[in-house]
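# Chain and residue survey
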Amino acid sequence: MDCPACGSPVTLKVGPDRPLSTSLSDAVLAAEEDEHIEVTRDCWDCGWHETRALRVTSIDTTAGDETAVERAAFIDEITDELAAIGSVDTLEETLAAIRRQRATNPATTDTDDPTE
């Protein structure tokens, strides 16, 4: 964010009892009901300062789709494994094998997932 007074970048601090590196989204997601979060923005060029206080009035959660959560975990695991492979040839062979399997096994291509 830029300073509304002079246009220079501002610093954002979430506190008062959080490390300087805490992001606002992390603070909000970690907050308990009725907890207060103080957000301070400062411009070190012109001295502009703003403090805002947020209060978490309620926390609503919904049950996630178990299949989607499990699928996301598998995708993360596969991505980690692929990132550890240093050979481009091995990656190309792996991709080709996956594509061959999907082409010969219709059960792996018929999903309800709109992203595929």
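This is a predicted model, so every value here is computed, not measured. Each chain carries its own residue numbering, running from 1 in the direction its sequence is written. Per-residue local features are limited, in this predicted model, to residues with pLDDT of at least 70; the limit for side-chain atom pairs, both in listing and counting, is 80 or more; totals at the level of whole chains, interfaces and linings are taken over all residues. The side-chain values count all of the structure's non-hydrogen atoms but skip hydrogen atoms and water molecules.

## Comments concerning the confidence of the model for the protein
What counts, and what does not: Values of pLDDT, ranging from 0 to 100, describe the predictor's confidence in every residue of the model. In this text, helices come from DSSP runs of H or I with a minimum length of four residues, and strands from runs of E with a minimum of two, each type numbered from the N-terminal end.
Chain-level statistics for the protein give a pLDDT mean of 85 and a share of 90% at 70 or above. By mean pLDDT, the top-scoring element of the protein is strand β3 (residues 49-55) (93), and the lowest-scoring one is helix α2 (residues 66-84) (86).

## A closer look at the environment of R55
Keep this limit in mind: For this analysis, residues touch if any pair of their heavy atoms sits within 4.5 Å. In the analysis that follows, any N or O atom pair within 3.5 Å is treated as a polar contact, provided that within protein one partner can donate a hydrogen and the other can accept it, and provided that, for residues neighboring in sequence, both atoms belong to side chains.
Relative to the elements of secondary structure, R55 occurs in strand β3. Sequence separation between R55 and E35 is 20 residues, and the spatial gap between their C-alpha atoms is 5.7 Å. Apart from the residues within four sequence positions on either side, R55 is in contact with D34, E35 and H36. Polar contacts involving the side chain of R55 include one to the side chain of D34, which spans 3.2 Å.

## Describing the sheet that holds strand β1 (residues 11-15)
Heads up, the condition is: Any two strands between which DSSP finds at least two bridges are classified as paired. Axis definition: a line fit to C-alpha positions, over the contact stretch in the case of helices; interaxial angles, taken between N-to-C directions, run 0 to 180 degrees.
Spatially, three strands are ordered β1-β2-β3 in an open sheet, and the strand pairing comes out antiparallel. Sheet topology places β1 and β3 at the edges, where each strand pairs with a single neighbour. Strand-to-strand twist across the sheet, computed as the mean angle between neighbouring axes with direction ignored, equals 20°. Relative to strand β2 (residues 36-42), β1 is paired through five bridges, and the arrangement is antiparallel. Residue pairing across strands places G15 opposite E38, the latter belonging to β2.

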